[in-house]
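Summary of the model geometry
For reference, the chains in residue letters:
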Amino acid sequence: MMMRIPSSFLFAAVLFMSTLQPVMAQDVRGYCGTTRATLDGITDQLQERLAELAANPADQRSGAITYVPVKFHIVNKNDGSGGVEVYRVLDMLCGLNEFYADMDIQFYMKGGINSFNSSIAYDDPRSNAGSQVLAAKRFKAYMNIFLTNQTGEANVLGYYTNDAPNYNIDAIIIRRDQIKSGAETIEHEAGHYFSLLHPFNGWECEEWDASIHGNPVNSNTAPCNSLKPPYNNVLVEFADGSNSTNAGDFLSDTPADYNLGLGWPNCSYAGGCKDPKGVLLNPDEENIMGYFSFCTDYHFSDQQKAVAVAEMNVRKSLNPTNNRYINCNSTL
């Protein structure tokens, strides 16, 4: 996916030219740090959306664009240094809009970017102290995206948190080296915000390894169990999809995946993993909610799109504003 800074942003970018620093290009491998407690909260929301879709299977998109208000937070060190450059934030917003455009969802900055100083949130937003800072700084009824230096764990590129069971935050955290064209981290974490799970739900803590899990896989229960009923024993999804509505990510059009992308060297899986029935897995490497790297055309499945739109409609009712300030394609 190509991200760009459109002409509507040029004036804003020029105003901040004095703060720009070179972008350090990196090929970063890592994973999503969304916790099991948060994934359990997402599962609750997902089940609600799936029930609504089953009762009303018609496309919930109205045909008009729904605008989602976003509050970006640039986190600096205590001395005010180190924050991410503004032009990179704008570029990330454009990429996010491009990815969600076919769902009639567009994101806009309401009231500008919030910038604040906190070294603990800058380097360790997952800590108790860092989380408290985020909770205090977030804007209610917005999609809050905090841009930090680190995520509190070495290989975590970003994460979504609903602060379960307290529910005081509801925010996305993105590591600064992921605020770039082609990173896809923000698109993935926004998927969690819209109630989507990983297609390998239940394998987050331990990717498939034949020496540990067998081949065929020797258990019908995934290794990373949920923390709450009724999902305590997350079922292993079968390759034929026969149990897809109550296993894995609970969606029927996302193929079984046992966290096969983590560490796989390319976007074409040929690792030979077999499900408990002895059937070879054929994961969707380009699904944005998975972990495969080096793909060129990431996407959501149709059912993921339907769930995201349904969740967006619920969230929209919490903030029924018509005020729109910045969009990548036009001046609103």
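In what follows, the accompanying structure is described. (Residues numbered from 1 in each chain as written. Predicted model: local features only at pLDDT ≥ 70, side-chain atom pairs only at ≥ 80, totals over all residues. Heavy atoms only, no water.)

So, unusual backbone geometry
Generally, phi is negative for residues other than glycine and the peptide bonds are trans, each holding for most cases. Here asparagine 215 and proline 216 are connected by a cis peptide whose omega angle stands at 10°. Within the secondary structure, proline 216 is located in the loop between α7 (210-213) and α8 (302-316). A positive phi angle, close to 70°, is found at phenylalanine 294, a residue other than glycine. Checked against the element boundaries, phenylalanine 294 lands in the loop between α7 and α8. Given a relative accessible area of 44%, phenylalanine 294 falls into the partly exposed group. (Helix = DSSP H or I, 4+ residues; strand = E, 2+ residues; numbered from the N terminus. Buried < 20%, exposed > 50% of the residue type's maximum accessible area, 1.4 Å probe, protein only.)

A word on the pattern of salt bridges
One pass over the structure, following the stated rule, counts 13 salt bridges. The residue arginine 49 makes a salt bridge to glutamate 52 at a minimum N-O spacing of 2.9 Å. Of this pair, arginine 49 and glutamate 52 both sit in helix α2 (residues 36-55), separated by three residues, roughly a single helical turn. What makes arginine 49 buried here is its relative accessible area of 4%. Where arginine 315 meets glutamate 311, a salt bridge forms, and the shortest distance between an N and an O atom there is 3.2 Å. Residue arginine 315 and its partner glutamate 311 are located together in helix α8, separated by four residues, close to a single helical turn. Just as arginine 315 is buried, glutamate 311 falls in that class too. One salt-bridge network, held together by shared partners, links Glu48, Arg49, Glu52, Asp170, Glu311 and Arg315. (Salt bridge = Lys/Arg side-chain N within 4 Å of Asp/Glu carboxyl O.)

A few points about the packing of helix α3 (residues 86-100) against helix α6 (residues 185-193)
Interhelical geometry of α3 versus α6 gives an angle of 60° and a closest axis separation of 9 Å. Compared by their axis directions, α3 and α6 come out oblique. Two packed elements cross with a definite hand, and for α3 against α6 that hand is right-handed. Together, Met92, Gly95, Leu96, Phe99 and Tyr100 of α3 and Ile186, Glu187, Ala190 and Gly191 of α6 make up the contact between the two elements. Across the contact of α3 with α6, the residue classes tally to six nonpolar, two polar and one charged. (Axes fitted to C-alpha atoms, helices over the stretch in contact; angles between N-to-C directions. Parallel < 35°, antiparallel > 145°, perpendicular 65-115°, else oblique. Left-handed = near helix turned anticlockwise from the far one by under 90°. Contact = heavy atoms within 4.5 Å. Nonpolar A, V, L, I, M, F, W, Y, C, P; charged D, E, K, R; others polar.)

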